[in-house]
Amino acid sequence: MFKTEKKLVGWHIAVALTALSIGGFFGPLQAWEHAGWNLYPSMQPYIASYYQGLTIHGIGNALVFTTFFITGFLSYITATSLDRPLATPKLSWAGFFTMVVGLVVALIPLFLNLASILYTMYPPMMAPWYFYVAMVLVVVGSWMSGWSMMITFAKWRKDNPGKTPPFQAFASVITMALWQICTLGIAAEMLILIIPWSLGLVPGIDVQLARTLFWFTGHPLVYFWLLPAYVSWYGMMPKQADGKLFSDTMARFAFWLFLLLSTPIGFHHQYVDPGVPAGWKYLHAILTYAVFFPSLLTAFNVAASLEIGGRKRGGKGLLGWVKNLPWNDPSYTAQNLAMIIFILGGAGGVINASYNVNLVIHNTAWVPGHFHLTVGTAATFSFMGIMYWLVPHLTGKAIMRKTALWQAWLWAAGMLIFSRGLHWIGLLGAPRRTMLGVAIENYGTGEWQVASLMTGVGGTILLTSGLLFFYVIIHGAFFSKEEVVVEIPVAEPLHDEVVPAWLNNWKPWLIAVFALIIVAYAPMIINLVFDGAAYSPGFQVWG
Amino acid sequence: MSSEKMHIDPYEKKFMVIGIVVLVVFAISITVAGFMLGIQVPSPSQLIDPNTVADSGPYADPGLKELSPGNYELYILATASPWRFYPEEVSVPVGATVTFHVTSADVQHGFKLQDTNINFMVLPGQQSTLTYTFEETGEYPYVCTEYCGVGHQNMYGVITVE
């Protein structure tokens, strides 16, 4: 059963982990540079600069690893959760190969130092046109896999009229729908503005408009990373902890709210942009607060679901049940630690979103400190935990559980130290995306050096954890002899709830999504298109 | 079907109410701080042609301009060839109110005046504007906060308040 789907998710994971190993390799180099130990000169002529490494780190980890893992994982559990094979497996494979072609083509200019423009690809820095086309292919490939999931889901609904779809498939398809909608921004930026400009077909580019289209996608991108972890936290982890999903209905409600509220909030990444009026930024600030609400729902619902498990396993007292959670299971442990660290990431996120409070930390090292807790931990660390059951499930061979447990605790410890260092130095005024080892000499103080040392120490621990992760996965996939049967964890709802019809009806939600996006974005985008701002030619400023 | 009511646990209801109250308090706080106390994010001030910005107008000769006693405008041009701000050193008397106008002649830059709320993107085509009153003497570094090429970490200047 699900032979094709297994092959599909296996290949997605293989490419995702290749990207993570390339992107992750540069992480410690950045952390060490901050701490005053710059290894980049020794990498010449292969890697020209810190910033080339930083570009590969961001694109490899945050764009390529995540997209491949998420696409593969969600495709697989959509099929298994609906208990039917993907309706259009060829479309899924076509999507996969489109993404692979995009990745391979993008790697060439990245390693030749022709596209050291970081993952935000801000114009008027200009990379070769085929780099942008390659990035478009990665996104379009993920769309195709998403369509395949949606077609499968629609067929299930047709065959099961009036029935509530299983949570895992439902949440996966919402995540992919969110991705389709929000990537319209970056698609417009690439196809209308950047690619014609990089081909020399038009004389220049409107920089403020390009930024606005980028961040149309840039914030919901965060939810594209996070929601697959939520699928596991709601739909799988309660089962791993012997618990049940506390409220299936509220879980579905939260996913609808994410679909509704993730996109019309992009200006909170542009609070300090000169070309967007304060009133529009304020509107998006308020809507950003609104999207915290479904995350608060998630915190309650997931914690309550795990508590059911902890108590069933013999836990007593107000918090005593926490001890009884399956801390000997690396898959569970990694995800539960990710969840706890995400509380800090979420709290930092509220600060970032807070309009004028944001002035204190905007563009400082605080921001990468924040997103290493969110995409680098809540998402990536959860994905590692998921792979600790998914890889044995696919191969039928056990992983080294003890080593995997060490990996999990080291990741948590390393990330807390590393991220604390970046938050701290950011509050002191250190800019993000900067060779801080040099900047400290230029305009830092003694206190900066203590904070940067923390990033170096934390980065070293993360490197150790990362190496253990790859060791566990490679050993489990290719060398392990111990046979196991691992089933997909599927959390049952606590109550036999009847899900209200309005939580099963796509049309009103989708209408509301587009209506809110039009209200929050259309006037400003039209204004930027017609405001007569001067166009910029392309620049190559990375040596 | 639509008559089915959603089941919400009483504890969850309380949690939701607390969550909403906290978010509303935050929203009121940023609103009061922004629109009554004047701690504001930048708004559009002027469109600038980056291709001619260095040739004419205020950015051809950037620097401090006194409008009236204690009141100044400071024009700063950011460039990536070489990576620097023009000017890199500015002196103002304590108590001076300075309106910062910053733009870019090439790629995107950032501008952050350390230990103040002056923090904005510097984009080609746009002028970024915010105002600050210097109540204390000392040195205030201003640094580029957006990646602008391999010399980005060397891009900074200093305002000396005497």
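Residues numbered from 1 in each chain as written. Chains lettered and ligands numbered in written order. Predicted model: local features only at pLDDT ≥ 70, side-chain atom pairs only at ≥ 80, totals over all residues.

### Topic: the overall build of chain A
A tally of regular secondary structure across chain A gives 17 helices and zero strands. The C-alpha atoms of chain A give a radius of gyration of 23 Å, which matches the 24 Å a tight globule of 543 residues would have. Taken along the three principal axes of its C-alpha coordinates, chain A extends 60 × 50 × 45 Å. Expressed as a percentage of the 543 residues in chain A, the buried residues total 58%. Taking the contacts inside chain A whose residues are at least 6 apart along the sequence as the reference set, 85% of them involve residues at least 24 apart. (Helix = DSSP H or I, 4+ residues; strand = E, 2+ residues; numbered from the N terminus. Rg over C-alpha atoms; globule rule 2.2 N^0.38 Å. Buried ≥ 20, exposed ≤ 12 C-beta atoms within 10 Å, placed from the backbone. Contact = placed C-beta atoms within 7 Å.)

### Description of the overall build of chain B
Counting secondary structure elements, chain B contains one helix and eleven strands. Element order for chain B, N to C, with α for helix and β for strand: α-β-β-β-β-β-β-β-β-β-β-β. Relative to the globule expectation of 15 Å for 162 residues, the C-alpha radius of gyration of chain B, 22 Å, shows a markedly less compact shape. Expressed along its principal axes, the backbone C-alpha trace of chain B runs to roughly 70 × 35 × 25 Å. When burial is assessed residue by residue, chain B has 38% of its 162 residues classed as buried.

### Section: the sheet that holds strand 8 (residues 119-122) of chain B
Residues and elements named next belong to chain B. One open sheet accounts for five strands, arranged 5-11-10-7-8; its pairing is mixed. One side of each edge strand has no neighbouring strand; the edge strands of this open sheet are strand 5 (89-92) and strand 8. Sheet twist, expressed as the mean angle between neighbouring strand axes with direction ignored, is 20°. (Pairing = 2+ DSSP bridges. Axes fitted to C-alpha atoms, helices over the stretch in contact; angles between N-to-C directions.)

### Overview of the environment of Trp280(A)
Residue and element names in this part refer to chain A. In this structure, Trp280 sits in helix 10 (residues 278-312). Classification of Trp280 as partly exposed rests on a count of 18 C-beta atoms within 10 Å. With 132 residues separating them in the primary sequence, Trp280 and Ala412 have C-alpha atoms 38 Å apart. When residues no more than four places from it in sequence are discounted, the contact partners of Trp280 are Phe267 and Met524.

### What to know about helix 1 (residues 3-34) of chain A
A rise of 1.5 Å per residue sets the reference length of helix 1 of chain A, with its 32 residues, at 46 Å; its end C-alpha atoms lie 47 Å apart and thus fit the reference within 8%. Just downstream of helix 1 of chain A lies Gly36(A), where phi reads positive at about 100°. (Expected span 1.5 Å × (residues − 1).)

### Some remarks on the domain arrangement of chain B
The domain architecture assigned to chain B consists of domain 1 (1-40) and domain 2 (46-161). Between domain 1 of chain B and domain 2 of chain B, the C-alpha centre-to-centre distance is 39 Å. (Domains from an automatic or database assignment.)

### Remarks on helix 13 (residues 366-395) of chain A
Because an α-helix packs 3.6 residues into every turn, residues spaced three or four apart end up facing the same way. All names here are of chain A. Its 30 residues give helix 13 an end-to-end C-alpha distance of 40 Å, which sits within 8% of 44 Å, the value for a rise of 1.5 Å per residue. The largest bend in helix 13 is about 30°, located at Met387. The element helix 13 is largely enclosed, with a buried count of 27 among its 30 residues. Remark: Gly396 follows helix 13 within two positions and exhibits a positive phi of approximately 75°. (Bend = angle between axes of the 7 residues up to and from the residue.)

### Concerning the environment of Ala334(A)
All names here are of chain A. Assignment of secondary structure puts Ala334 in helix 11 (residues 330-353). Note on Ala334: 28 C-beta atoms within 10 Å, which makes it buried. For the pair formed by Ala334 and Ala378, sequence separation is 44 residues and the distance between their alpha carbons is 9.7 Å. Not counting the four nearest positions on each side in its chain, Ala334 is found in contact with Phe381, Met384, Gly385, Tyr388 and Ala408.

### Comments concerning the nonpolar core
Residue and element names in this part refer to chain A. Core analysis: the biggest nonpolar cluster contains 221 residues, and Ala16, Leu178, Leu226, Leu259, Ile341 and Ala378 have the highest contact counts within it. Ranked by residues supplied to this core, first place goes to helix 7 (residues 207-235) with 19 residues. Those residues in contact with Ala378, other than ones at most four positions away along the chain, are Leu226, Ala229, Ala338, Ile341, Phe342, Gly345 and Leu373. (Core = buried A, V, L, I, M, F, W, Y, C linked by C-beta atoms within 7 Å.)

### Some points on unusual backbone geometry
Phi is mostly negative for residues that are not glycine, and the peptide bonds are mostly trans. Residues and elements named next belong to chain A. Note that the residue after Gln44, namely Pro45, is joined by a cis bond; omega there is 5°. Mapping Pro45 onto the fold places it in the loop between helix 1 and helix 2 (50-82). A cis amide bond, omega 10°, links Pro123 with the succeeding residue Pro124. When you line up the elements, Pro124 lands in the loop between helix 3 (89-111) and helix 4 (129-159).

### Re the packing of helix 2 of chain A against helix 5 (residues 167-182) of chain A
All names here are of chain A. Contact pair helix 2 / helix 5: the axes reach a minimum separation of 8 Å and the direction vectors enclose 145°. Once helix 2 is placed against helix 5, the crossing between them reads as left-handed. Side by side, helix 2 and helix 5 meet where Leu74, Ile77, Thr78, Ser81 and Leu82 of the first sit next to Gln168, Ala169, Ser172, Val173, Thr175 and Met176 of the second. (Left-handed = near helix turned anticlockwise from the far one by under 90°.)

### Brief notes about the interface of chain B and chain A
Contacts between the two partners involve 59 residues from chain B and, on the opposite side, 61 residues from chain A. When contributions to the side of chain B that touches chain A are tallied by element, the ones reaching two or more residues are helix 1 (10-35), strand 7 (109-113), strand 8, strand 9 (126-133) and strand 10 (138-143) of chain B. Per element, the largest residue contribution to the side of chain B that touches chain A is ten residues, and it comes from helix 1 of chain B. Grouping the amino acids of the side of chain B that touches chain A by side-chain chemistry returns 29 nonpolar, 22 polar and eight charged. (Nonpolar A, V, L, I, M, F, W, Y, C, P; charged D, E, K, R; others polar.)

### Thoughts on the packing of helix 13 of chain A against helix 16 (residues 446-479) of chain A
Residues and elements named next belong to chain A. Where helix 13 contacts helix 16, the axes come no closer than 9 Å and their chain directions differ by 15°. Relative to helix 16, the element helix 13 lies roughly parallel. You can see that helix 13 and helix 16 cross each other, and the crossing is right-handed. Only Phe469, Ile473, Gly476 and Ala477 of helix 16 make contact with helix 13, whose side of the interface consists of Met384, Met387, Val391, Pro392 and Thr395. Its residues placed into classes, the contact of helix 13 with helix 16 shows seven nonpolar, two polar and no charged. (Parallel < 35°, antiparallel > 145°, perpendicular 65-115°, else oblique.)

### A few points about the pairing of strand 9 of chain B
All names here are of chain B. In this sheet, strand 9 lies alongside strand 1 (residues 46-47) in antiparallel orientation, the contact comprising two bridges. Note that in strand 9 the partner of Gln46 across the bridge is Gln127. With six bridges joining them, strand 6 (residues 97-104) and strand 9 adopt antiparallel strand pairing. Among the inter-strand pairings, Val102 is bridged to a residue of strand 9, identified as Ser128.

### Topic: the confidence of the model for chain B
Caution is warranted with low-pLDDT regions, since their predicted coordinates should not be read in detail. Looking at chain B as a whole, the pLDDT averages 95, with 97% of positions reaching at least 70. The ipTM assigned to the predicted complex is 0.96, against a pTM of 0.97. (pLDDT = per-residue confidence, 0-100.)

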